[in-house]
Amino acid sequence: MPVAPVTYGASERPPRGSYEEARDDYTCDQHWERYTPLEHATYARLLARQIKQAPGQACDEFIASVDKLGPSDRIPRFDAISTALRQATGWEVVAVPGLIPEHAFFSLLAERRFPVTTWLRLPEEFDYIVEPDVFHDLYGHVPLLFDPVFADYMQAFGRGGLKAHGLQALEYLARLYWYTVEFGLISTPHGLRVYGAGVLSSVGEIHYALTSPKPQRLAFDLKRVLLTPYKIDHYQSSYFVVDSFDQLFAATAPDFAPLYAELNGQARLPNDAMLGGERSYPPNISNPRPN
Ligand code: HBI
Ligand code: FE
């Protein structure tokens, strides 16, 4: 007897991270009507807290676009954001149930479709979640997709990921994603600023990444990044600093296949020590802590 697919009513939803409602490309519907008042309130509190930290710490390109996420008192509708985003850089936001396999993820980026998780953390997870939720994905990642150069970088990353898939080089690309898209810093005439989504959406790491004397802040160097492992559930010991998104795009535009061949078999590099000749950017003079 075939089992009828499970369907959920307007007010119910599948358990967090279940993929029953996902399509073959791992996208699903956002089901905005399912969010509860508590979820809207939790999102609004997260946004109010993080946005306070943006001035003087988030990069200008982020600050210029964060308001395009829409109203700040509720979880935004993805299709409303997509309408604005398509006009700006041809990207759109698509809903996914959570983390999706690398190939599916790269395929969406290559089509200028950014996957945003539909579920939101619980109030008791307010300060930290292990997996990306709708707040991390929307607040951390989407504003920079309004920047034309960064938008092109993200699509190039997706295309590169599809090529890397065949070359068993995903570990290298995961490091590039981690040290730029998730934890990247950018140097400006007013000091260092954050563009990485994992830092922008973290209550404590944005200040730590910019002002703590503990981590090293290395000039972005593609080979160094590709050979440097990262930490999953701690503040980073290393951050990489670009001078501009143009530099990031230019560094990653060429075909990586020869690079993978060159790096293959090379030892990993330390994320908690500098190599000969490396210099670390000094931390910002302590930014005014948000009140
Ligand atoms: N899936 N939904 C989602 N979001 C991500 O950021 C994500 C993913 N799958 C894989 C992945 N990131 C990383 O492995 C990237 O390095 C590719
Ligand atoms: Fe992320």
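This is a predicted model, so every value here is computed, not measured.

Thresholds, definitions, all that
Residues numbered from 1 in each chain as written. Chains lettered and ligands numbered in written order. Predicted model: local features only at pLDDT ≥ 70, side-chain atom pairs only at ≥ 80, totals over all residues. Heavy atoms only, no water. Helix = DSSP H or I, 4+ residues; strand = E, 2+ residues; numbered from the N terminus. Buried < 20%, exposed > 50% of the residue type's maximum accessible area, 1.4 Å probe, protein only. Donors = N, O, S within 2.8 Å, 3.2 Å for Na, K, Ca; no water. Core = buried A, V, L, I, M, F, W, Y, C linked by side-chain atoms within 4.5 Å. Pairing = 2+ DSSP bridges. Axes fitted to C-alpha atoms, helices over the stretch in contact; angles between N-to-C directions. Phe/Tyr/Trp six-rings, centres within 6.5 Å; stacked < 30°, edge-to-face > 60°. Expected span 1.5 Å × (residues − 1). Arc of directions from axis to C-beta. Near = heavy atom within 4 Å. Polar contact = N/O pair within 3.5 Å; in protein donor to acceptor, adjacent residues only side chain to side chain. Nonpolar A, V, L, I, M, F, W, Y, C, P; charged D, E, K, R; others polar.

1. Describing unusual backbone geometry
Okay, step 1: A positive phi angle is found at Tyr26, which is not glycine, with a value near 75°.
Okay, step 2: Secondary-structure assignment places Tyr26 in the segment before helix H1 (37-53).
Okay, step 3: Residue classification places Tyr26 among the partly exposed positions, given a relative accessible area of 30%.
Okay, step 4: Its identity as a non-glycine residue notwithstanding, His31 has a phi of 55°, on the positive side.
Okay, step 5: Inspection of the secondary structure puts His31 in the segment before H1.
Okay, step 6: Its relative accessible area of 23% is what places His31 among the partly exposed residues.

2. Let's talk about helix H7 (residues 170-182)
Okay, step 1: Most of H7 is tucked away, with 11 of its 13 residues classed as buried.
Okay, step 2: Among the residues making up H7, those that are buried are Leu170, Tyr172, Leu173, Arg175, Leu176, Tyr177, Trp178, Tyr179, Thr180, Val181 and Glu182.

3. Observations concerning the coordination of the iron ion (ligand 2)
Okay, step 1: In the first shell of the iron ion (ligand 2), the protein supplies His136 (NE2), His141 (NE2) and Glu182 (OE), at 1.9 to 2.1 Å from the metal.
Okay, step 2: When the donors of the iron ion (ligand 2) are listed by position in the chain, the intervening gaps give H-x4-H-x40-E.
Okay, step 3: The class of His141 is buried, set by a relative accessible area of 5%.

4. Regarding the environment of Gly17
Okay, step 1: Inspection of the secondary structure assignment puts Gly17 in the segment before H1.
Okay, step 2: When the C-alpha atoms of Gly17 and Val96 are compared, they prove to be 9.2 Å apart, with 79 residues separating the residues in sequence.

5. Examining the nonpolar core
Okay, step 1: Counting residues in hydrophobic clusters, the biggest one holds 82 residues, and the most contacted among them are Val142, Met154 and Leu176.
Okay, step 2: Looking at this core element by element, the count peaks at eight residues for H7.

6. Focus: the sheet that holds strand S6 (residues 238-242)
Okay, step 1: Strand order in the open sheet made by the four strands is S4-S3-S6-S5, with mixed pairing throughout. Of all strands in the sheet, those with a lone pairing partner are strand S4 (191-194) and strand S5 (216-219), marking the two edges. Here the average twist between neighbouring strands, direction ignored, is 40°.
Okay, step 2: Looking at chain direction, S5 and S6 are connected through four bridges and run parallel. Residue pairing in the sheet places Leu218 in a bridge with Phe240 of S6.

7. A look at the packing of aromatic side chains
Okay, step 1: By the definition in use, this model includes 21 aromatic pairs.
Okay, step 2: Aromatic side chains Tyr19 and Tyr26 sit 6.4 Å apart centroid to centroid with 70° between the ring planes, which places their arrangement in the edge-to-face category.
Okay, step 3: Using a relative accessible area of 31% as the deciding quantity, one classes Tyr19 as partly exposed.
Okay, step 4: Arranged with centres 5.1 Å apart and planes meeting at 10°, the rings of Phe135 and Tyr139 form a pair that is stacked. Within this pair, Phe135 and its partner Tyr139 are both found in helix H5 (residues 134-141), separated by four residues, close to a single helical turn. In terms of burial, Phe135 and Tyr139 fall into one category: buried.

8. Regarding helix H3 (residues 78-89)
Okay, step 1: Counted at 1.5 Å a residue, the expected span for H3 with its 12 residues is 16 Å, and the 16 Å between its end C-alpha atoms agrees.
Okay, step 2: Regarding H3, the residues found buried are Phe78, Ile81, Ser82, Leu85 and Thr89. Taken down its axis, H3 places every buried residue within 100° of arc, on the same side. The exposed residues of H3 that point more than 90 degrees off its buried face are Asp79 and Gln87.
Okay, step 3: Residue Gly90 follows H3 closely and has a positive phi angle near 80°.

9. Concerning the site of ligand 1
Okay, step 1: The immediate surroundings of ligand 1 are formed by Val96, Gly98, Leu99, Ile100, Glu102, Phe105, Phe106, Ala174 and Tyr177.
Okay, step 2: Note that a nitrogen atom of ligand 1 is positioned 3.1 Å from one of the backbone N or O atoms of Gly98.
Okay, step 3: Between ligand 1 and Glu102, the relevant distance is 2.7 Å, taken from an oxygen atom to a side-chain nitrogen or oxygen of the residue.
Okay, step 4: Secondary-structure elements contributing two or more residues to the shell around ligand 1 are helix H4 (102-110) and H7.
Okay, step 5: Among the elements that take part in the shell around ligand 1, H4 stands out by supplying three residues, more than any other.
Okay, step 6: The class makeup of the residues in the shell around ligand 1 is seven nonpolar, one polar and one charged.

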